[in-house]
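Now for the letters of each chain:
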Amino acid sequence: MSVAIAFEKARADGRAALVGYLPAGFPDVDGGIEALRAMVDAGCDVIEVGLPYSDPVMDGPTIQAAAQQALEQGVRTTDVLRTVEAVAATGTPTVVMTYWNPVERYGVDRFAQDLADAGGAGLITPDLTPDFAPEWVAAADARDLDKIFLVAPSSTDERIALTTAACRGFVYATAVMGVTGARDATSDLAGPLVERTRRATDLPVGVGLGVSTGDQAAEVASYADGVIVGSAFVRTLHDHAGDRAAGLAALRRLTEDLAAGVRRA
Amino acid sequence: MTTYDADAQGWFGGPAGATTPGWGGRFMPEALIAALDELDTAWQKALVDPTFGHEFDQLLQNYAGVPSMLYEAHRLSDHAGARILLKREDLNHTGAHKIRNVLGQALLTKRMGKKRVIAETGAGQHGVASATAAAYLGLECTVYMGEVDTERQALNVARMQLLGAEVVPVTSGSRTLKDAINEALRDWVASVDHTAYLFGTAAGPHPFPSLVLSFVRGIGDEARRQCLELTGRLPDAIAACVGGGSNAIGLFAGFLGDPEVAIYGFEAGGDGVETGRHAATISAGAAGVLHGARTFVLQDEDGQTVESHSISAGLDYPGVGPQHAHLAASGRASYLPVTDAEAMEAMALLARTEGIIPAIESAHAVAGTLRVARERQGETLLVNLSGRGDKDMGTALEWFGLGRPDGPEAGS
Ligand SMILES: Cc1ncc(COP(=O)(O)O)c(C=O)c1O
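All of these numbers come straight from a predicted model, not from anything done at the bench.

1. Topic: the site of the ligand
Residue and element names in this part refer to chain B. Neighbouring residues of the ligand: 18 residues in total, closest T201, G243, G245, S246 and S386. Separating an oxygen atom of the ligand from a backbone N or O atom of G243 is a distance of 2.8 Å. Contact with the protein chains removes 97% of the 390 Å² of surface that the ligand exposes when unbound. Residues of the shell around the ligand, tallied by class, amount to five nonpolar, eleven polar and two charged. Each of two domains, domain 1 (22–60 + 97–212) and domain 2 (67–95 + 217–400), supplies a minimum of three residues to the shell around the ligand.

Spelled out as structure tokens, the structure:
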């Protein structure tokens, strides 16, 4: 199931879609599944399951620490696929966000097949650009999987054209020049980037990196089709590490706040 | 003639879409693509600009002490039963081949109008070289160094600080070189408009492997010329240690067009490849992507990078430059592991026979060459002595139990 459905539905409601991220295996595999399902319940329209990786160059301290904890507990690529299966079963489109080497190691075709079999919608690839992705593009196209590549404030118009032409599902616009992590102020680079991206494509444009509150979500939703939130969810779970029920309750409250935000724009 | 160079996308050994995927490329966040393109363009321009070439040559000569000499190691040769020539990169300013690379990249930084450089460092050699180039050219400098390494190499931290650089201990992941690279890349994503990343070895995303080679290839070009002058012919074999691969590729490049010259790269075998505690990436790793390039990587079944181990911090890296992957896969060069113990023995041997204390990295090349000499008796073997051992005295002190007047003698 493509994420396009979720974006269309949100568009029909006259609002932006809320895209929520957690790495698989955090705080543990079953706890992560429960947390992602709570986020679905409380209003996420699309779920991103992160594949914990030893060398996450695009992630700030919050997501790094969560991924490292998951790896230290022995999370495997197959656990990520199991997480996808459990979340996709809710009917909410679910994609995997992954650095490239784990996919290459698993086997690009085999990964695409197992992801499709798990009900996954596709992949977000933070360190794979379309010009180095012929294998993934072929594997994804053969199975109707979404290919979500990133555009950045530093992307030239040519790069944006090349990238959006290769995307399926939506386009991921990184709002800041920097790594993941909640920020106090939203970025003034995001708006112009979304505008440049729209000139190149009719695909929905999601904006990520830094959003952590309903007010920030509302601001981003005023110009983007999707608001992507990651570190704020991770931090919320982290802050309630000793008390799972309280963590889930806090995750719900955060999701509701963000879901209200994307409807307020 | 076979080409061992990269194509325009940075692929060694065949473009994407070939039956076997090439090595190298650029597996990087989109946010950094513009910067890598900018660097590529500036470098391409500099390559054909005689002013740049002249400036670089002058700097190497008048500041770094290049060309380094080719030295005939008579007593070591007697010991080995082969004629051994040492390319004395240990005599360069700051004590290693690394100064060539950083001077080239720092000059390029000036050309691009950037005021700040960042670098990663393991042992601290590249960090010291970067801090040196930054001081000389008036650039601001931040060096990322794994917290474990800042403790192992406190003296080099002090050198960098004395040279005016900021040293940032990296506390993420395994807190060693690979994590320092991650942290430098994270800095770069956020600072790319005014900052250049001085990458420390011939690895990473395109254009770094080719760019770094262009600045260190003097090693091989000089050695080839010097060997012809000294012996009237080419060496039978050449050898270098391989961490990320810059000193090795710098030497090898001068001889790739001479098929009669055998090429050996010696990787860090740590406690022995069979123990799993090593940094022998080509000998014991698998194809994968790390830090922007497809190459050999020490990794587990799931593609998670595995920590490397070596007594030599400069070889302690779980990846390797993609051109080496290509040279290994194509059979042009042989890559073999050398253990900690073999390297330390060679360090002591070189000290005792020639009065030269090599860096432990370079001692790997010497040890491997001694092994090769057993099958190549009477032949001429040219070794890159990539650096000097001053920085390694702490390790040597511990390994050999030195430092006490009545202590045991190394190598005895
Ligand atoms: C003296 C010396 N040789 C070799 C190396 C390994 O690097 P490379 O493989 O890039 O030459 C280092 C790295 O610190 C070094 O200091």
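Alright, that's what it looks like, and here's the rest.
2. Regarding the packing of aromatic side chains
Counted under the stated rule, the structure contains 18 aromatic pairs over all chains. Ring geometry for F52(B) and F56(B): centres 6.4 Å apart, planes at 20°, overall stacked. Residue F52(B) and its partner F56(B) are located together in helix α2 (residues 50–64), separated by four residues, close to a single helical turn. Across the pair, F56(B) and F52(B) agree in class, each one buried. Among the residues examined, F52(B) registers a relative accessible area of 4% and is labelled buried. Above the plane of the ring of Y106(A) lies R110(A), whose end atom (NZ or CZ) is 3.9 Å from the centre. In this arrangement the basic side chain of R88(B) is found over the ring face of Y71(B), its NZ or CZ atom lying 5.4 Å from the centre.

3. Focus on the pattern of salt bridges
Residues and elements named next belong to chain A. Under the criterion given, the structure shown has 39 salt bridges over all chains. R15 is the partner of D45 in a salt bridge, and the nearest nitrogen-oxygen pair spans 3.0 Å. Residue D45 is found in the loop between α2 (29–41) and β2 (46–50), and its partner R15 is found in the loop between α1 (4–12) and β1 (17–23); the two are separated by 30 residues along the sequence. According to the relative accessible area criterion, R15 is buried, its value standing at 11%.

4. Considerations on the sheet that holds strand β8 (residues 195–197) of chain B
Residue and element names in this part refer to chain B. Read across the open sheet, the four strands follow the order β7-β6-β5-β8; overall the sheet is parallel. Looking at which strands have only one partner, the edges of the open sheet turn out to be β7 (166–170) and β8. For this sheet, the mean inter-axis angle between neighbouring strands, taken without regard to orientation, is 25°. Two elements, strand β6 (residues 140–146) and β7, share five bridges in a ladder whose sense is parallel. Looking across to β7, one finds that V143 is bridged to V167.

5. Thoughts on the nonpolar core
Counting residues in hydrophobic clusters, the biggest one holds 100 residues, and the most contacted among them are L108(B), W188(B), Y197(B), L251(B), F252(B) and L382(B). By residue number, the principal contributor to this core is helix α1 (residues 30–47) of chain B, which donates nine residues. Summarising the domain contributions, this core has at least three residues from each of domain 1 (22–60 + 97–212) and domain 2 (67–95 + 217–400) of chain B. Every residue in contact with W188(B), bar those within four places of it in the chain, is listed here: L32(B), A35(B), L36(B), I118(B), T195(B), A196(B), Y197(B) and F208(B). Membership of the second largest hydrophobic core comes to 89 residues, among which are V96(A), I124(A), V176(A) and W11(B).

6. Let's talk about the sheet that holds strand β6 (residues 150–151) of chain A
Residue and element names in this part refer to chain A. A sheet is described by the order of its strands in space; here nine strands give the open sequence β5-β4-β3-β2-β1-β9-β8-β7-β6, paired in parallel fashion. The two strands at the open ends of the sheet, each matched to only one other strand, are β5 (146–148) and β6. Relative to strand β3 (residues 94–97), β2 is paired through four bridges, and the arrangement is parallel. Pairing of I47 across the sheet is with T94, part of β3. With respect to the sheet, α1 is in contact with β1, β2 and β9 (226–229), its orientation differing from that of β1 by roughly 140°.

Calculation rules
Throughout this description, residue numbers start from 1 for each chain and increase along the sequence as written. Ligands are numbered from 1 and chains lettered from A, in the order in which they are written. In keeping with the model being predicted, local features are shown solely for residues with a pLDDT of at least 70 and side-chain atom pairs are shown and tallied solely at 80 or more, while totals for entire chains, interfaces and linings include all residues. Each side-chain value is worked out from all heavy atoms of the structure, with water and hydrogens disregarded. Throughout, near means a residue has at least one heavy atom within 4 Å of the molecule or strand. Polar contact is defined as a pair of N or O atoms within 3.5 Å, subject to the rule that within protein one atom must be able to donate a hydrogen and the other to accept it, and that residues adjacent in sequence are counted only when both atoms are side-chain atoms. Only the protein chains shown count as cover for residues, with accessible areas throughout obtained via the Shrake-Rupley method and a probe of 1.4 Å. Classification convention: Asp, Glu, Lys, Arg as charged; Ala, Val, Leu, Ile, Met, Phe, Trp, Tyr, Cys, Pro as nonpolar; all other residues, Gly among them, as polar. What marks off one domain from the next here is an automatic or database domain assignment. Centres within 6.5 Å make a pair out of two Phe, Tyr or Trp rings, where for Trp the six-membered ring is used; the pair is then stacked when the planes are under 30 degrees apart, edge-to-face when over 60, and tilted otherwise. Secondary structure elements are defined from DSSP: runs of H or I of at least 4 residues count as helices, runs of E of at least 2 residues count as strands, and each element is numbered from the N terminus. Relative accessibility decides the category of a residue: with a 1.4 Å probe and only protein chains considered, values under 20% of the type maximum give buried, values over 50% give exposed, and everything between is partly exposed. Sitting over a ring, as applied to charges here, requires NZ of Lys or CZ of Arg to be within 6 Å of the ring centre and within 35 degrees of the ring normal. In the sections that follow, a salt bridge refers to a side-chain nitrogen of Lys or Arg positioned within 4 Å of a carboxyl oxygen of Asp or Glu. Pairing between two strands requires that DSSP report at least two bridges joining them. Lines fitted to C-alpha atoms define the axes here, with helix axes fitted over just the stretch in contact, and angles between the N-to-C directions of these axes take values from 0 to 180 degrees. Only buried Ala, Val, Leu, Ile, Met, Phe, Trp, Tyr and Cys residues count toward a nonpolar core, and they belong to the same one when joined by side-chain atoms within 4.5 Å. Contacts are assigned to residue pairs that have any heavy atoms within 4.5 Å of one another.

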